[in-house]
Amino acid sequence: MATPIPAQKSPYGVTLEAGKEYWWCACGRSKSQPFCDGSHKGTGLAPVGFKAEKNGEHWLCGCKSTGTKPFCDGSHKRV
């Protein structure tokens, strides 16, 4: 299994729209962090699709080590 590259050692604060589908970058290679731009191709990793449950600011994982993908769970403190 391929290993993701931490994009940054802190979460990304992003404004999401309820009901809208998003694709979170799981590989760490995307130039449009924290969202996927297709850079994972050939890595064995795939983005995580999700729909926002509510409007507003959400914290998406930047270190790619979270146990609650795509949301930050504080794993960056141990990376």
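Structure's up top.
Anyway, here's the lowdown on the structure attached to this text.

The rules behind each value
Residues numbered from 1 in each chain as written. Predicted model: local features only at pLDDT ≥ 70, side-chain atom pairs only at ≥ 80, totals over all residues. Heavy atoms only, no water. Helix = DSSP H or I, 4+ residues; strand = E, 2+ residues; numbered from the N terminus. Rg over C-alpha atoms; globule rule 2.2 N^0.38 Å. Buried < 20%, exposed > 50% of the residue type's maximum accessible area, 1.4 Å probe, protein only. Areas by Shrake-Rupley, 256 points an atom, 1.4 Å probe, with all protein chains shown as cover. Lys, Arg positive; Asp, Glu negative; His and termini not counted. Charge placed at Lys NZ, Arg CZ, Asp CG, Glu CD.

Here the focus is the overall build of the chain. Secondary structure assignment for the chain yields zero helices and four strands. Ordered by position from N to C terminus, the α and β elements of the chain give β-β-β-β. For the chain, the C-alpha radius of gyration of 12 Å lies close to 12 Å, the compact-globule estimate for 79 residues. With the principal axes as the frame, the chain shows a C-alpha extent of 35 × 25 × 20 Å. Sorting the 79 residues of the chain into buried and exposed places 37% on the buried side. Of the roughly 4700 Å² that the chain leaves accessible, carbon and sulfur atoms contribute 51%. When the 11 positive and 6 negative side-chain charges of the chain are each reduced to one mean point, those points stand 9 Å apart.

With respect to the helices and strands, the residue Lys31 is situated in the loop between strand E2 (21-24) and strand E3 (48-51). Judged by its relative accessible area of 76%, Lys31 is exposed.

As far as function goes, none of this settles anything; it's purely spatial.
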